[in-house]
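Commentary on secondary and tertiary structure
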Amino acid sequence: MRNILKNLPEFLLIGLAVFFFFETLIVRSEINYVMLIVTAIMVAQVIFKNKYFGVFLGIAVGLISFGLFLAVLSDYRKFPEITTKAIELITVGGFMALAGAVLSAVMIFKYFSQDDNAAVKL
């Protein structure tokens with residue numbers, strides 16, 4: 001149980017990638033190769049626990065979350081008046097961007113505090 005909690009950000013990102021893969025497969029009948037690659041990268045990170053790659057992934061997730069937040073703000077400004085759809089957009093989009101930022105911060109902190117000698121512990 002403790003190992004699952006230590007790797008919770010990676011598992012959540014794997015879950016999101018799998019969800020988006022199947023969502024694209026079911027809705028558009030297309031294979032989303034980007035999500036397959038993201039899933040493979042995150043599974044490799046869970047297995048090998050590379051410190052530098054973990055920090056890189058944390059920074060990448062943070063930048064993507066920031067870009068998502070900017071995209072949500074941009075779409076929100078396109079509404080001529082505040083409606084329930086506008087509130088829904090800013091709430092859900094803001095929550096997703098915040099969740100990504102929190103996952104990013106947890107991953108960066110976890111891998112920055114990891115020893116250089118930490119190897120694969122199976």
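Just above sits the structure.
Owing to the predicted nature of the structure, the values given are computational and were not obtained by experimental measurement. (Residues numbered from 1 in each chain as written. Predicted model: local features only at pLDDT ≥ 70, side-chain atom pairs only at ≥ 80, totals over all residues. Heavy atoms only, no water.)

**Some points on unusual backbone geometry**
- Within the chain, S29 stands out as a residue other than glycine whose phi angle is a positive 55°.
- Inspection of the secondary structure puts S29 in the loop between α2 (8–28) and α3 (33–48).
- Residue class for S29 comes out exposed when judged on its relative accessible area of 63%.
- Not every positive phi belongs to a glycine, and K49 is a case in point at roughly 50°.
- Taking the relative accessible area as the measure of exposure, K49 reaches 26% and is therefore partly exposed. (Helix = DSSP H or I, 4+ residues; strand = E, 2+ residues; numbered from the N terminus. Buried < 20%, exposed > 50% of the residue type's maximum accessible area, 1.4 Å probe, protein only.)

**Focus: the packing of α3 against helix α4 (residues 51–77)**
- Interhelical geometry of α3 versus α4 gives an angle of 140° and a closest axis separation of 10 Å. Between α3 and α4, the crossing angle belongs to the class labelled oblique. Viewed along their axes, α3 and α4 form a crossing whose handedness is left-handed. Along the contact surface, α3 presents I41, M42 and Q45, while α4 presents F53, G54 and L57.
- Among the residues making up the contact of α3 with α4, the classes are represented as 4 nonpolar, 2 polar and no charged. (Axes fitted to C-alpha atoms, helices over the stretch in contact; angles between N-to-C directions. Parallel < 35°, antiparallel > 145°, perpendicular 65-115°, else oblique. Left-handed = near helix turned anticlockwise from the far one by under 90°. Contact = heavy atoms within 4.5 Å. Nonpolar A, V, L, I, M, F, W, Y, C, P; charged D, E, K, R; others polar.)

**Some thoughts on the side chain of K110**
- Secondary-structure assignment places K110 in helix α5 (residues 84–112).
- Excluding residues within four positions of it along the chain, K110 makes contact with K6, N7 and E10.

**Things to note about the nonpolar core**
- Among the nonpolar cores identified, the biggest contains 10 residues, and these are L13, I14, M42, V46, V55, L57, V61, L103, M107 and Y111.
- At the level of secondary structure, the elements contributing two or more residues to this core comprise α2, α3, α4 and α5.
- If we skip the residues at most four places from it in the chain, M107 touches P9, E10, L13, M42, G54, L57 and G58. (Core = buried A, V, L, I, M, F, W, Y, C linked by side-chain atoms within 4.5 Å.)

**Topic: the pattern of salt bridges**
- Scanning the model with the defined rule gives 3 salt bridges in all.
- For E10, the salt bridge is made with K110, and the minimal N-O distance between the two is 2.9 Å. Of the two residues, E10 is situated in helix α2 and K110 in helix α5; the sequence distance between them amounts to 100 residues.
- Among the ionic pairs, K78 bridges to D75, the shortest N-O distance being 3.7 Å. (Salt bridge = Lys/Arg side-chain N within 4 Å of Asp/Glu carboxyl O.)

**Some remarks on the packing of α2 against α3**
- It is the contact of α2 with α3, at a shortest axis distance of 9 Å, that shows an interaxial angle of 160°. The orientation of α2 with respect to α3, classified from their angle, is roughly antiparallel. At the point where α2 passes α3, the crossing takes the left-handed sense. Side by side, α2 and α3 meet where E10, F11, L13, I14, A17, V18, F20 and F21 of the first sit next to M35, L36, V38, T39, M42, V43, Q45 and V46 of the second.

So far we have only geometry, and geometry alone does not tell us how the molecule works.
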